[in-house]
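# Notes for the structure review
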Amino acid sequence: MTAADPDDRPDAALLAALTPIVGGRGVLVPGADDDRLASYATDWRGAYAGRPALVVLPRTTAEVAEVVRACAAAGVAVVPQGGGTGLCGGAVPDASGRQVVLSTERLRGVREVDVANQTVTVEAGVVLADVQRVAREHGLQFPLSMGSEGRCTVGGNVATNAGGTAVLRYGGMRALTLGLEVVLPDGRVWEGLRGLRKDNTGYDLTQLFLGSEGTLGVVTAAVLALHPATPRRATAWVALADLAAATALLGTVRAVAGERVTSFEVMSAQSLAIVLAHVPGTRDPFATAHPWYGLVELADGGDADVEGLLEQVLQEAVEHDQVVDAVVASGPRAAAVWALREGISEAQNGEGPSLKHDVSVAISALPAFVAHADVALAEVLPGVRVVSYGHVGDGNLHHNLTKPVGWTDEAFLAHADRLTATVYASVAAFGGSISAEHGLGTAKRDAAAAQKSPVELDLQRALKRAVDPAGLMNPGKVLAAE
Ligand SMILES: Cc1cc2nc3c(=O)[nH]c(=O)nc-3n(C[C@H](O)[C@H](O)[C@H](O)COP(=O)(O)OP(=O)(O)OC[C@H]3O[C@@H](n4cnc5c(N)ncnc54)[C@H](O)[C@@H]3O)c2cc1C
């Protein structure tokens, strides 16, 4: 794109309407602001790119409402954008150069902390790590946790119904969001910032916006549920003979440790191998390789002896042949084993492009699903490397694929559609979901539609039409534009 391209000229009338609302510094214009604009045209990883008509940076809910109203009046689509860490292209405009990106980066206010109610009310652009920090400063915790927490925003977390590593104990954003403030596609503001844990007064509008990926409105603020702090933590890294051992171990851990189980993650031998190869400073806690590994974390407050409890869990697991080997870690050693789990994404980049599949099936079906998918994948592309890992406590695996050793990226990507279709066919065979926590965006929209019944699709389209009859709020994401 160059400034000389006539298609790049911003819509003068729209610019004239938006500038008085957000001020000159609150609008980025193609041509004049290309250096700053580029980062809003792509996602954080650079996997998706589009061409914004303009980027607007409102500072208040009132400004968001005025911007959305002006865009609606001009018949211009709005693409809400938070930290841009979404993995499905949901926050990126299309290539038309006619969509306005509305960034929440200046909506960073913490409006209220209610310690007695254990809630915090924050604006949509607040970064997840800052919510965690504010909670800590009040002796509480906000338990949503994920690799992108230093950049992703509350608005994005709500809009994608984000999950992460502590869903097993605390639930994802659906469970952690008590109320919302949303600017609707026509510019009206729905003020639903109620910090209530019980409210049966009709349809649940808060939940309607959870996971709606910016297609029903712009989330401007949220009331989030906080939890008691759990400073006492113990982490185990375990070697497993197979994935069935992981699901059996999960049962033992839950039976013995109850609600103190915060995380139960698994990773395949292939996942660990690429982490050790690509992430500096990592090392294998065991002397020999094993087919699967698990990471179990218990947490509690006060004086609870979580390390002792974890030792007890592991002893029982050894007696039932559920683990082959185990180490219990705390402090820096616990951080070192978490680095093995959290380094997988980065390590996969070191092996070239990866085909990412964020899938879920019933926990009990995980071993059979993986066996089924891997046989089918090996038939499609012998030697394809399956980098499987994830939140086994939620039945959620990232069943990602990396090219066979010695292959070029191009040769591998030529098989991408068939490989992904193979994973999704296995998901369907086990009654699972092709998007457990990352959403649909544009990347998985059509594959998800192919697995939904006509009744379910009709209901989803009816909801979209009811809230956004003009189809201007993040069109083409989640559902194909009508
Ligand atoms: C290294 C890494 C690790 C990750 N780990 C996890 C994980 O463990 N679990 C998990 O669930 N996800 C994970 N993700 C994905 C991502 O971080 C989450 O989906 C996150 O919630 C996106 O937040 P964001 O602010 O970056 O949203 P964006 O990427 O900016 O937007 C995502 C979607 O939300 C919409 N949106 C954003 N803000 C608003 C708003 N204010 N109002 C309405 N719609 C809005 C956008 O239009 C888009 O459709 C990971 C990503 C990375 C890069």
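Calculation criteria
Residues numbered from 1 in each chain as written. Predicted model: local features only at pLDDT ≥ 70, side-chain atom pairs only at ≥ 80, totals over all residues. Heavy atoms only, no water. Core = buried A, V, L, I, M, F, W, Y, C linked by side-chain atoms within 4.5 Å. Buried < 20%, exposed > 50% of the residue type's maximum accessible area, 1.4 Å probe, protein only. Helix = DSSP H or I, 4+ residues; strand = E, 2+ residues; numbered from the N terminus. Contact = heavy atoms within 4.5 Å. Salt bridge = Lys/Arg side-chain N within 4 Å of Asp/Glu carboxyl O. Domains from an automatic or database assignment. Buried area = accessible area lost by both parts, 1.4 Å probe. Polar contact = N/O pair within 3.5 Å; in protein donor to acceptor, adjacent residues only side chain to side chain. Nonpolar A, V, L, I, M, F, W, Y, C, P; charged D, E, K, R; others polar. Pairing = 2+ DSSP bridges. Axes fitted to C-alpha atoms, helices over the stretch in contact; angles between N-to-C directions. Near = heavy atom within 4 Å. Areas by Shrake-Rupley, 256 points an atom, 1.4 Å probe, with all protein chains shown as cover. Arc of directions from axis to C-beta. Expected span 1.5 Å × (residues − 1). Parallel < 35°, antiparallel > 145°, perpendicular 65-115°, else oblique. Left-handed = near helix turned anticlockwise from the far one by under 90°.

## Section: the nonpolar core
By size, the foremost hydrophobic cluster in this structure holds 54 residues, and its most contacted members are Leu 240, Leu 249, Phe 264, Val 266, Leu 298, Leu 401 and Leu 419. Elements supplying a minimum of two residues to this core: β12 (232–240), α9 (243–257), β13 (261–268), β14 (292–300), α11 (306–319), α14 (366–380), β19 (396–402) and α16 (416–429). Looking at this core, the element that brings in the most residues is α9, giving seven residues. Filtering out sequence-adjacent residues up to four positions away, Leu 240 remains in contact with Ala 245, Ala 246, Leu 249, Val 266, His 290, Pro 291, Trp 292, Tyr 293, Gly 294, Gln 322, Val 323 and Val 324. In terms of nonpolar packing, the next biggest core, distinct from the first, is built from 30 residues, Val 122, Phe 142, Met 173 and Phe 209 among them.

## Structural notes on the pattern of salt bridges
Side chains that carry opposite charge are capable of pairing whenever their charged atoms lie near each other. Under the counting rule described, the total for this entry stands at 17 salt bridges. Sharing partners across several salt bridges, the network here consists of Arg 111, Glu 123 and Glu 181.

## Some points on the domain arrangement of the protein chain
Under the domain assignment used here, the protein chain contains domain 1 (6–103), domain 2 (110–228), domain 3 (232–345) and domain 4 (352–446). With six residues of domain 1 at the interface, the matching set in domain 4 holds eight residues. Buried surface at the junction of domain 1 and domain 4, both sides included, amounts to about 460 Å², of which 68% is carbon and sulfur. Counting every contact that joins domain 1 to domain 4 gives two residue pairs in polar contact (both at pLDDT 80 or more). Here the side of domain 1 that touches domain 4 is built from residues that sort into three nonpolar, two polar and one charged.

## Concerning the sheet that holds strand β10 (residues 218–225)
The strand order across the open sheet formed by five strands is β5-β6-β10-β8-β9, and the pairing between neighbours is antiparallel. Only two strands of the sheet have a single partner each, and these edge strands are β5 (110–114) and β9 (189–192). Recorded for the sheet is a direction-independent mean angle of 15° between the axes of neighbouring strands. Here strand β8 (residues 177–183) runs beside β9; their pairing, made up of four bridges, is antiparallel. Bridge pairing links Val 183 to Val 189 in β9. In this fold helix α3 (residues 61–74) packs onto β5, β8, β9 and β10, with an angle of close to 50° to the strand it touches most, β8. Docked against the sheet, helix α4 (residues 128–137) engages β5, β6 (119–123) and β10, running at close to 145° with respect to β6.

## Focus: the site of the ligand
Surrounding the ligand, one finds 33 residues, the nearest of these being Pro 80, Thr 85, Gly 86, Ser 148 and Thr 153. In the environment of the ligand, an oxygen atom lies 2.6 Å from a nitrogen or oxygen atom belonging to the side chain of Thr 85. Backbone polar atom of Gly 163 to an oxygen atom of the ligand: 2.8 Å apart, as the coordinates give it. Starting from 970 Å² of accessible surface for the ligand in isolation, the protein chains cover 93%.

## Let's talk about the side chain of Arg 341
Residue position: Arg 341 is located in helix α12 (residues 332–342). One polar contact links Arg 341 to Glu 265, side chain to side chain, over a distance of 2.7 Å. Setting aside residues no more than four positions away along its own chain, Arg 341 makes contact with Glu 265, Met 267, Leu 295, Tyr 389, Gly 390, His 391 and His 398.

## Here's the deal with the sheet that holds strand β1 (residues 27–28)
Pairing is mixed in the open sheet, where four strands are placed in the order β1-β2-β4-β3. Edge strands, defined here as strands with exactly one partner in the open sheet, are β1 and β3 (78–81). Across four bridges, the pairing between strand β2 (residues 52–56) and strand β4 (residues 99–103) is parallel. From the neighbouring strand, Pro 52 faces β4, where its bridge partner is Gln 99. Those strands touched by helix α2 (residues 34–41) are β1, β2, β3 and β4, and its axis lies near 95° from that of β2.

## Points about helix α1 (residues 12–22)
For α1, every residue scored as buried is listed here: Leu 14, Leu 18, Ile 21 and Val 22. Seen from one end, α1 has its buried residues packed into an arc of 75°, which puts them on one side. Opposite the buried face of α1, at more than 90 degrees from it, the exposed residues are Ala 12, Ala 13, Ala 16 and Pro 20. Residues of α1 that are buried make contact with β1, β2, α3 and β4. Downstream of α1 by one or two residues, Gly 23 has phi in the positive range, about 80°.

## Overview of α3
With 14 residues, α3 should reach 20 Å at 1.5 Å per residue; the first-to-last C-alpha distance of 20 Å fits that figure. Of the positions making up α3, those classed as buried are Thr 61, Glu 63, Val 64, Ala 65, Val 67, Val 68, Ala 70 and Cys 71. Where α3 ends, the next residue or the one after it, Gly 75, has phi of about 70°, a positive value.

## Comments concerning unusual backbone geometry
Phi is positive for Asn 474, which is not a glycine, with a value near 45°. Within the fold, Asn 474 resides in the segment after α18 (454–467). A relative accessible area of 1% places Asn 474 in the buried class. Although it is not a glycine, Val 478 sits at a positive phi angle of roughly 70°. When you line up the elements, Val 478 lands in the segment after α18. A relative accessible area of 16% places Val 478 in the buried class.

## Some words on the packing of α9 against α14
Where α9 meets α14, the axes come as close as 8 Å, and the angle between the chain directions of the two elements is 165°. One finds that α9 runs roughly antiparallel with respect to α14. Considering how the two elements wind past one another, α9 and α14 form a crossing that is right-handed. Here α9 contributes Leu 243, Ala 244 and Thr 247 to the contact with α14, which in turn contributes Leu 366, Pro 367 and Val 370. Of the residues assigned to the contact of α9 with α14, the class counts are five nonpolar, one polar and no charged.

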